[in-house]
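Below are the chains, spelled out letter by letter.
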Amino acid sequence: MKLVLASGNSGKLRELDALLAPLGFTLLPQNTLGVPEADEPHPTFVENALTKARHAARQTGLPSLADDSGLCVAALHGAPGVHSARYAPENSIEHRIEHRDQRNNHHLIANLHGIHDRTAWYYCVLVLMRHAHDPQPLIAEGVWHGEIIDIPRGQHGFGYDAHFFLPAQGKTAAELDPVEKNRLSHRAMALHQLVARLQEQSMP
Ligand code: IMP
């Protein structure tokens, strides 16, 4: 079965494809079908993922898969949250992604100055819609718990990974081998939950 992926991100395509291909799904990134990116105007991850999935299904007439993810920090009441990609106020979409990440990290550490509680988690939600009017989309979530550290460590990953410390591994997410990150991450957890749901029920 063909599924349109409501993202043009090749990393996500690789990760999702590896688990969904054995179940008989062929993922088609929406940009290859001429679908423009949908806005993400909502205050919750799940609303944004639903909007993206509905947009892709409506535009293509195919079932669709969308994700939304970000970093949440307890002492900041869940921020950066849905604004993770553009947390630093001086960031704009024209800036290179590495520079945006660097500014986001500075902003995060500045906002946590003097705060003792560094509890944080990465969150990912995946939404699968059979069609644009699907009243019962499949929704799967993953949460990856860690702590924010002031001094960055590690060269792998992206975003906030060098400041996201995992006590169980004694490493930041940026110090993990990419294969290990893909096994442990919020995205991996959400994907495994989605696959379990798909195996429980057949797609009409
Ligand atoms: P998106 O869902 O891929 O657009 O991710 C939104 C933003 O959340 C990213 O730009 C990052 O700032 C942050 N984020 C999501 N997942 C990760 C991750 O695995 N590592 C680091 N940052 C992440």
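Above this text is the structure in question.
Okay, so let's go over this structure. Treat the numbers as computed from the prediction; the structure is a model and nothing was measured.

1. Description of the overall build of the protein chain
1) Next: Each helix and strand counted, the protein chain has five helices and seven strands in total.
2) Next: The N-to-C order of helical and strand elements in the protein chain reads β-α-β-α-β-α-β-β-β-β-α-α.
3) Next: Against the 2.2 N^0.38 benchmark of 17 Å for 204 residues, the protein chain shows a C-alpha radius of gyration of 17 Å, consistent with a compact globule.
4) Next: Expressed as lengths along the three principal axes of its C-alpha atoms, the size of the protein chain is roughly 55 × 35 × 25 Å.
5) Next: A total of 204 residues make up the protein chain; the buried ones form 45% of that total.
6) Next: If you take every contact in the protein chain between residues at least 6 apart in sequence, the share linking residues at least 24 apart comes to 56%.
7) Next: Per element, the accessible surface of the protein chain, about 10,500 Å² overall, is 53% carbon and sulfur.
8) Next: Of the charged side chains in the protein chain, 18 are positive and 22 negative; the average position of the first set lies 3 Å away from that of the second.

2. Observations concerning the site of the ligand
1) Next: In the vicinity of the ligand lie 14 residues, with Lys12, Ser69, Tyr122, Asp161 and Lys181 positioned nearest.
2) Next: At 2.7 Å from an oxygen atom of the ligand is found a side-chain nitrogen or oxygen belonging to Ser69.
3) Next: Expressed as a share of its isolated accessible area of 480 Å², the protein-covered part of the ligand is 88%.
4) Next: Every element with two or more residues in the shell around the ligand is listed here: strand 3 (64-73) and helix 5 (186-200).
5) Next: Sorting elements by how many residues they give to the shell around the ligand places strand 3 first, with three residues.
6) Next: Residues that form the shell around the ligand fall into these classes: four nonpolar, five polar and five charged.

3. So, helix 3 (residues 97-111)
1) Next: With 15 residues, helix 3 extends 21 Å from end C-alpha to end C-alpha; this agrees with the ideal 21 Å at 1.5 Å per step.
2) Next: Within helix 3, the full set of buried residues consists of Arg100, Asp101, Asn104, Asn105, Leu108 and Ile109. Angularly, the buried residues of helix 3 cover 165° about the axis, an arc narrow enough to put them on a single face. Away from the buried face of helix 3 by more than 90 degrees, exposed residues His106 and Ala110 are located.
3) Next: Against the buried residues of helix 3 lie strand 3 and strand 5 (138-148).

4. Side note on helix 1 (residues 10-20)
1) Next: Within helix 1, burial applies to Lys12, Leu16 and Leu20. Down the axis of helix 1, the sector holding all buried residues measures 45°, keeping them to one side. When the buried face of helix 1 is taken as reference, the exposed residues oriented beyond 90 degrees from it are Arg14 and Ala18.

5. Quick word on the environment of Arg54
1) Next: For Arg54, the location among the structural elements is in helix 2 (residues 45-60).
2) Next: Note on Arg54: relative accessible area 30%, which makes it partly exposed.
3) Next: For the pair Arg54 and Arg130, spaced 76 residues apart in sequence, the C-alpha separation works out to 9.4 Å.

6. So, the environment of Leu198
1) Next: Of note, Leu198 is situated in helix 5.
2) Next: Residues Leu198 and Val46, spaced 152 residues apart in sequence, show a C-alpha to C-alpha distance of 18 Å.

7. Notes on the pattern of salt bridges
1) Next: Under the defined criterion, the tally for this structure stands at eight salt bridges.
2) Next: Across the salt bridge formed by Lys52 and Glu40, the nearest N and O atoms sit 3.3 Å from each other. With Lys52 in helix 2 and Glu40 in the loop between strand 2 (26-29) and helix 2, this residue pair connects regions lying twelve residues apart in the sequence.
3) Next: Residue classification places Lys52 among the buried residues on the basis of a relative accessible area of 9%.
4) Next: Taking relative accessible area as the criterion, Glu40 reaches 41% and is therefore assigned partly exposed.

8. Things to note about the side chain of Ser7
1) Next: Here Ser7 is to be found in the loop between strand 1 (2-5) and helix 1.
2) Next: Overall, the relative accessible area of 9% leaves Ser7 in the buried class.
3) Next: At 3.0 Å, the side chain of Ser7 forms a polar contact with the backbone nitrogen of Asn9.
4) Next: Once residues lying within four places of it in the same chain are set aside, the contact partners of Ser7 are Lys12, Pro29 and Gln30.

Reading guide: rules and limits
Residues numbered from 1 in each chain as written. Predicted model: local features only at pLDDT ≥ 70, side-chain atom pairs only at ≥ 80, totals over all residues. Heavy atoms only, no water. Helix = DSSP H or I, 4+ residues; strand = E, 2+ residues; numbered from the N terminus. Rg over C-alpha atoms; globule rule 2.2 N^0.38 Å. Buried < 20%, exposed > 50% of the residue type's maximum accessible area, 1.4 Å probe, protein only. Contact = heavy atoms within 4.5 Å. Areas by Shrake-Rupley, 256 points an atom, 1.4 Å probe, with all protein chains shown as cover. Lys, Arg positive; Asp, Glu negative; His and termini not counted. Charge placed at Lys NZ, Arg CZ, Asp CG, Glu CD. Near = heavy atom within 4 Å. Polar contact = N/O pair within 3.5 Å; in protein donor to acceptor, adjacent residues only side chain to side chain. Nonpolar A, V, L, I, M, F, W, Y, C, P; charged D, E, K, R; others polar. Expected span 1.5 Å × (residues − 1). Arc of directions from axis to C-beta. Salt bridge = Lys/Arg side-chain N within 4 Å of Asp/Glu carboxyl O.

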